[in-house]
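The residues making up each chain are set out below.
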Amino acid sequence: MSSPSSAFLLTVLTALVMGLVAFLVAQHRSRRKRARQIEELRVANQQLETRAFEMAQQMTRELQASEARHQLIMQGSGVCFWDWDVSRDEVHFEGSLGDGSELGFEGKLLPSNVWFRAVHSEDQAQMWALLDDHMRGKTPTFEAEYRIVGRERQAHWVMARALVVDRTADGAPTRLSGTLVDIDKRKQVEMALEQERRLFNNGPVIVIRIRLDDDPAYTYFSSNVYELWGYAPGSLDQGCKRAELVHPDDLGRTVDMYREVIASGGRHLQTELRYRMQDQSYRWHSLYGKVVRGSNPPELVGYLIDIEDRKQVDQEISSQKAMLEELVVNLRDSEHERTLLHQTGDMLNSAKNIDEACAIVQRTAQVMFPGWSGAISTSDASGNLSVRDQWGSEVITRMLPTFGNEQCWALRRGRSHTFLDARRSVPCQHMECTEHPHSTLCVPMVADGKVVGALHLLADAHAVDGEVMRTVERAERLGETLKLSLSNLGLRATLQEQAVRDGLTGLYNRRLLAERLPAEMARCQRTGQMLVLAMMDIDHFKRFNDEFGHEAGDLVLHAVARCIGESVRGYDLACRYGGEEFCVVLPGCSVDAAMARLQSMRQMSSSLTLRHGGQPLPRVTLSGGLALAREESPEQLLARADAALYAAKAAGRDRVIVADGDRASSPASLRLVNEVAAR
């Protein structure tokens, strides 16, 4: 819906267009009249020929100045004129858009298919439907808003108006005249406002108004409250009482705050309270409001933000803090244990890998848990646990070397699990307790929500309940120290993995290629397998950075890398070689198969539909070069693949070329190569 300012602007532009038309008609008539006068004077009086020539030159200069002023006015007003001769299928176009952008036409008189092809593909159907209705006489005028695509392939919003000015005897239109008005800025503002409106109505912030009288009531809720709180639409629009929504424990406190703000002359209020949802549960919200004193009674205008998750986190933090405080108290009870844990923590922080950490914990556990055998298990990539280190006489015969999370009650429950005897507890499935029914203990180690391992203890002899409980406390303290170190060591291994990954594309980097390519070439030579190296490059990549910015270039790189990653096999090596260039190592792959795989990557990339900053990006194309490994160095193989890539660039881009001497011998392969080269 157009705003009053937009309607006023359109009225002014329409008046200006009409004035320009009248001005052009007057200028045309004036030129004809002056031409007749000059002709009459030339015929009537040859002796005044010199004077007439001077007058003609003066008139020409004035006409050129008038035309220049005319063009300047058209450019400043953002109005273009067009006239479509249907019988000749020609469109006469005059003018440019208000910001001086060129539409990209080679001349002012052009075929209609060239003229209408400038309309954005997504808008053509609607534009043609409206134009057809007018040409058939169903509507008095043609009026449509659509995008036109200029020389630089950028879409520009215009308002098109036209009128059939001439028809044949049977009513068929033969000529249409109209205007194009620049509305790009207005449409951008409208779309931004619409986006903000949707965000406001669907976002997490609820806008409210509260009447602050003796019985405060809500007079307004933003529409997103019904989706967030679960109420039926419109059920909260009739002055809902605070007592119906606010938790009873928070009701009196917040009413007192309202009254205190009003009595003190304050204007702002901030508090936290619980609101009742449709399912009768309560969720914590933060209320930020401002008192409006112009109304009677005063009103509070503000907004609510759901902070239930934050409250739960605060409670969890409080709980963890209490546990840590208890841990500190227990550590103070035993100076020897505290010193031992401190030394263990220092050594764990210096451990280079998990094996070193497990060896350190083994020595500490043998001191902390005399009379107990034990083991440390760590989680692998599949989520299963494997025993990394063990000590004592009971572990080897009573514990599985590898087991899943579901086989350990401690991991399933997320807390320590103790087996005392079959009458009071259930043993873990990874423990054998039938022949040696001694106590067992499993302590899970979870860091940042992920299972990193577990500490397992097995009593060498019968242990009384009190001793078991003290062992549980000490084991949990050791587990707290160990889990952070295991997590850090796992993170360190992850960082080492990231060191060989390209941060933008997620593919391997050039460093890993330099390490792996010689080994892969040597392995394939030993086993008699083929190895194909492919070099790929994004065509005209510089224009993405120059025309749309480096963020658009990064978007293109990431999308192309995803296409490459989805096309390679699990044991292929896909790397970002540098800039917009990629390298793929295909061991055990023929040239035919490698060509088909690169064609798949190229086709997937060309079918990408990318947008940045609200603008569509140009089609992405790839050029590639293939080289079959011979008895040569990795550098020579890279050079031959790179030469094939440059040959593809020189041949017109958007194709894949096989290095000289490496073309596939099968007819299908040759046909595939020839088809690509012919494009």
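Report follows, based on the coordinates.

With that out of the way, let us pick up the overall build of the protein. Within the protein one finds 19 helices and 25 strands. Within the protein, buried positions represent 41% of all 679 residues. Relative to all contacts within the protein whose residues are 6 or more apart in sequence, the contacts with residues 24 or more apart total 56%. Accessible surface, the protein as shown: approximately 37,300 Å² in total, 53% of it carbon and sulfur.

Counted under the stated rule, the structure contains 6 aromatic pairs. Taken together, a centroid distance of 6.2 Å and an interplanar angle of 45° make the contact between Phe541 and Phe544 tilted. Of this pair, Phe541 and Phe544 both sit in helix H15 (residues 541-548), separated by 3 residues, roughly a single helical turn. Neither Phe541 nor Phe544 differs from the other in exposure class; each is buried. Above the face of the Trp284 ring, Lys311 is positioned so that its terminal group lies 4.4 Å from the ring centre. Lying across the ring of Tyr577, Arg510 places its NZ or CZ 3.9 Å from the centre.

Under the 1.5 Å per step criterion, the end-to-end length of helix H14 (residues 510-527) is 25 Å for 18 residues, consistent within 8% with the ideal 26 Å. At Arg516, H14 shows its largest bend, some 30°, and a proline, Pro518, comes one to four positions later. Every buried residue belonging to H14 is among Leu512, Leu513, Leu517, Glu520, Met521 and Cys524, and all of these are buried.

Further remarks concern the sheet that holds strand S6 (residues 173-182). An order of S3-S2-S1-S6-S5-S4 is seen for the 6 strands of this open sheet, with the pairing classed as antiparallel. What marks the edges here is a single partner per strand, and that holds for strand S3 (109-111) and strand S4 (142-149). Strand-to-strand, the axes of this sheet are offset by a mean angle of 30°, without reference to chain direction. Relative to strand S2 (residues 90-94), strand S1 (residues 79-85) runs antiparallel, the two being bridged by 5 bridges. Its bridge partner lying in S2, Asp85 is registered against Glu90. Of the strands in this sheet, S1, S4, strand S5 (155-167) and S6 are in contact with helix H4 (residues 124-135), which crosses S4 at around 145°.

What follows deals with the packing of H15 against helix H16 (residues 550-567). Interaxial distance between H15 and H16 falls to 6 Å at its minimum, and their mutual angle equals 145°. For the pair formed by H15 and H16, the contact residues are Phe541, Phe544, Asn545 and Phe548 on the first element and His550, Ala552, Gly553, Val556 and Leu557 on the second. Class assignment for the residues of the contact of H15 with H16 results in 6 nonpolar, 3 polar and no charged.

Where strand S7 (residues 205-211) meets strand S8 (residues 217-221), 4 bridges bridge the pair, whose relative direction is antiparallel. Bridge pairing links Arg211 to Ala217 in S8. Hairpin connection, S7 to S8: the antiparallel pair is bridged by 5 residues. With 2 bridges connecting them, S8 and strand S9 (residues 240-241) associate as antiparallel partners. Its bridge partner lying in S9, Ala217 is registered against Lys241.

This next bit is on the nonpolar core. If you look at the biggest cluster of nonpolar residues, it comprises 35 residues, and the most contacted ones within it are Ile538, Val556 and Leu626. Taken together, the elements giving at least two residues each to this core come down to strand S19 (531-538), H15, H16, strand S21 (581-587), helix H17 (591-606), strand S24 (622-628) and strand S25 (656-658). With 8 residues, the single largest contributor to this core is H16. Setting aside residues no more than four positions away along its own chain, Ile538 makes contact with Val556, Leu557, Val560, Glu580, Phe582, Val620, Thr621, Leu622 and Lys649. Counting residues in hydrophobic clusters, the runner-up holds 28 residues, among them Ala357, Val361, Ala447 and Val472.

Conventions used here
- Residues numbered from 1 in each chain as written.
- Predicted model: local features only at pLDDT ≥ 70, side-chain atom pairs only at ≥ 80, totals over all residues.
- Heavy atoms only, no water.
- Helix = DSSP H or I, 4+ residues; strand = E, 2+ residues; numbered from the N terminus.
- Buried < 20%, exposed > 50% of the residue type's maximum accessible area, 1.4 Å probe, protein only.
- Contact = heavy atoms within 4.5 Å.
- Areas by Shrake-Rupley, 256 points an atom, 1.4 Å probe, with all protein chains shown as cover.
- Phe/Tyr/Trp six-rings, centres within 6.5 Å; stacked < 30°, edge-to-face > 60°.
- Lys NZ or Arg CZ within 6 Å of the ring centre and 35° of its normal.
- Expected span 1.5 Å × (residues − 1).
- Bend = angle between axes of the 7 residues up to and from the residue.
- Pairing = 2+ DSSP bridges.
- Axes fitted to C-alpha atoms, helices over the stretch in contact; angles between N-to-C directions.
- Nonpolar A, V, L, I, M, F, W, Y, C, P; charged D, E, K, R; others polar.
- Core = buried A, V, L, I, M, F, W, Y, C linked by side-chain atoms within 4.5 Å.

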